[in-house]
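These are the residues of each chain, in order.
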Amino acid sequence: MKLQKSTRLALFSVLEIAGNPERALSASEIAHKYGASTHHLSKVLRELGRAGIVGSARGVGGGYRFTGNAKRLTLMNVIALFEEIGAVERAAPEGATEVERALATVLSEIDENARATFRSVTLDTMLKLIQFQLRMDNKSAAMEPSR
Amino acid sequence: MTKKASVHEPPGAIQIRPAQASDIGQIIALDAEVTGLEKTDYWYELFQRYGASHTRNRLLLVAESGGVLQGFIIGEVRDWEFGSPPCGWVFGVSVRPDARQGGLGARLLEAICEGFRHAGVDKVRTLTAREDSLVLSFFRSQGMMAAPVIALEKDLAEPRA
């Protein structure tokens, strides 16, 4: 599954911002972390702001803060702002051959599962998964013999 | 599968325990309320296998407070399905609509997982409808991820290959 760059940046941004409720994050800070241009990331953040997912404040201590409901907002809610998964390329064209129709059926099956997965994962669940992976990383690091 | 989760009451007020014969009527009623289908025979049959005579490998647990059923969960240990090592399967979980949003679904799931651990397995799985985002979200929120299995089906009325 390959999401468009803007979509991925949107997901990274929302998760970074929601995962740091104690402070506002700047576009350049997030852009630097994910190797994106600040210009591109700012456009993505504006779209998230229009959707009411993040809010921004100017000045010292300013930046972006999460304004959504992490227990309700799903990955699909964010993705849908930037792209529609499998909507165009998967549909068999008018007058498609039986081969094209059969392939479209299988590809649609994959898309349906992808959509169901994105619909079922909330920001809160993602933040818990991130924390879990951090704990596992720390545990692994602690178990490594010191050199 | 009939899940929804949890409770406004203090968690301590609710007891989670194996289902008894006296619970079956309330289980049927709750399932009917949540799913819109009353499946009396189905639940009596399940109770015979998972309730009164439940074994270490078959579990039907209820959450109850003051004699009122707040929720239930049902599952079993399945062995070597298509080569899969024994693991716990949850195939039903439900919480009263007015008792949700307080963690009771999570408590029921943890209780049945504890039962699976006692039965000697270290993995729990479930199967939910793809369109049932609420149930899927619940299991996801409890740390469950996609399993290395794919559910398949076919219409038996379709022309044979």
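Note: the structure precedes this text.
Nothing here was measured: the structure is a model prediction, and the numbers come from that model.

Caption draft 1: Inspection of the packing of helix α5 (residues 98-120) of chain A against helix α4 (residues 133-141) of chain B at higher detail. Where α5(A) contacts α4(B), the two axes come as close as 8 Å, and the packing angle between them is 65 degrees. Between α5(A) and α4(B) lies a crossing of right-handed hand. Two secondary-structure elements touch here, α5(A) through A:Ala116, A:Thr117, A:Arg119 and A:Ser120 and α4(B) through B:Ser133, B:Leu136, B:Ser137 and B:Arg140. Its residues assigned to classes, the contact of α5(A) with α4(B) shows two nonpolar, four polar and two charged.

Caption draft 2: View of the environment of B:Trp43. Residue and element names in this part refer to chain B. Topologically, Trp 43 is positioned in helix α2 (residues 40-51). Given a relative accessible area of 3%, Trp 43 falls into the buried group. Taking the C-alpha atoms as reference points, Trp 43 and Asp 155, separated by 112 residues in sequence, lie 26 Å from one another. Trp 43 has contacts with Ile 24, Ile 27, Ile 28, Asp 31, Phe 72 and Ile 74, leaving out every residue within four places of it along the chain.

Caption draft 3: Region of the structure containing the packing of aromatic side chains. All names here are of chain B. Applying the stated rule across the entire model yields five aromatic pairs over all chains. A ring pair is formed by Tyr 42 and Trp 43, whose centres lie 5.2 Å apart and whose planes are at 75 degrees; its orientation type is edge-to-face. Measuring from centroid to centroid gives 5.4 Å for Tyr 50 and Phe 91, while their planes differ by 70 degrees, and the two rings are edge-to-face. Placement of the pair is Tyr 50 in helix α2 and Phe 91 in strand β4 (residues 87-95), with a sequence separation of 41 residues. Through successive ring pairs, a cluster of aromatic residues spans Tyr 42, Trp 43 and Phe 72. Above the plane of the ring of Tyr 50 lies Arg 58, whose end atom (NZ or CZ) is 5.3 Å from the centre.

Caption draft 4: Up close: unusual backbone geometry. Residues and elements named next belong to chain B. Positioned with a positive phi, Trp 80 is a non-glycine residue whose angle comes to about 50 degrees. Here Trp 80 lies in the loop between β3 (68-78) and β4. The backbone of Gln 101 shows a phi angle near 75 degrees, a positive value even though the residue is not glycine. Assignment of secondary structure puts Gln 101 in the loop between β4 and α3 (104-118). Its relative accessible area of 59% is what places Gln 101 among the exposed residues.

Caption draft 5: Structural context of the interface of chain A and chain B. Residue-level contacts link twelve residues of chain A with nine residues of chain B. Interface area for chain A against chain B, summed over the two sides, is near 950 Å², with a carbon-plus-sulfur share of 45%. Area buried by chain A at its contact with chain B is led by A:Arg119, A:Ser120 and A:Thr125, which between them contribute 42% of it. At the surface where chain A touches chain B, the tally comes to one salt bridge. Among the ionic pairs, A:Arg119 bridges to B:Glu131, the shortest N-O distance being 3.3 Å. Remark: the boundary between chain A and chain B carries five residue pairs in polar contact (both at pLDDT 80 or more).

Caption draft 6: Representation of the nonpolar core. With 34 residues, the main nonpolar core has A:Leu48, A:Val78, A:Ile79 and A:Phe118 as its most contacted residues. Looking at this core, the element that brings in the most residues is helix α1 (residues 5-18) of chain A, giving seven residues. Dropping the residues within four chain positions of it, A:Val78 is found in contact with A:Ala10, A:Leu11, A:Val14, A:Leu48, A:Ile53 and A:Leu73. Judged by nonpolar contacts, the second largest core, of 22 residues, contains B:Val95, B:Leu108, B:Cys113 and B:Ala119.

Caption draft 7: Expanded view of α4(B). In terms of burial, α4(B) is a largely internal element, seven of the nine residues being buried. Buried within α4(B) are the following residues: B:Val135, B:Leu136, B:Ser137, B:Phe138, B:Phe139, B:Arg140 and B:Ser141. Buried positions along α4(B) lie against α5 and α6 (123-143) of chain A together with β4, α3 and β5 (124-126) of chain B. Where α4(B) ends, the next residue or the one after it, B:Gly143, has phi of about 90 degrees, a positive value.

Caption draft 8: Molecular detail of the sheet that holds β4(B). Residue and element names in this part refer to chain B. The strand order across the open sheet formed by five strands is β1-β2-β3-β4-β5, and the pairing between neighbours is mixed. Every interior strand has two partners, whereas the edge strands, β1 (15-18) and β5, have only one. Put simply, the sheet's adjacent strands are angled 30 degrees from each other on average, direction ignored. In terms of strand pairing, strand β2 (residues 58-65) meets β3 through eight bridges, oriented antiparallel.

Quick notes on the rules
Residues numbered from 1 in each chain as written. Chains lettered and ligands numbered in written order. Predicted model: local features only at pLDDT ≥ 70, side-chain atom pairs only at ≥ 80, totals over all residues. Heavy atoms only, no water. Axes fitted to C-alpha atoms, helices over the stretch in contact; angles between N-to-C directions. Helix = DSSP H or I, 4+ residues; strand = E, 2+ residues; numbered from the N terminus. Left-handed = near helix turned anticlockwise from the far one by under 90°. Contact = heavy atoms within 4.5 Å. Nonpolar A, V, L, I, M, F, W, Y, C, P; charged D, E, K, R; others polar. Buried < 20%, exposed > 50% of the residue type's maximum accessible area, 1.4 Å probe, protein only. Phe/Tyr/Trp six-rings, centres within 6.5 Å; stacked < 30°, edge-to-face > 60°. Lys NZ or Arg CZ within 6 Å of the ring centre and 35° of its normal. Buried area = accessible area lost by both parts, 1.4 Å probe. Salt bridge = Lys/Arg side-chain N within 4 Å of Asp/Glu carboxyl O. Polar contact = N/O pair within 3.5 Å; in protein donor to acceptor, adjacent residues only side chain to side chain. Core = buried A, V, L, I, M, F, W, Y, C linked by side-chain atoms within 4.5 Å. Pairing = 2+ DSSP bridges.

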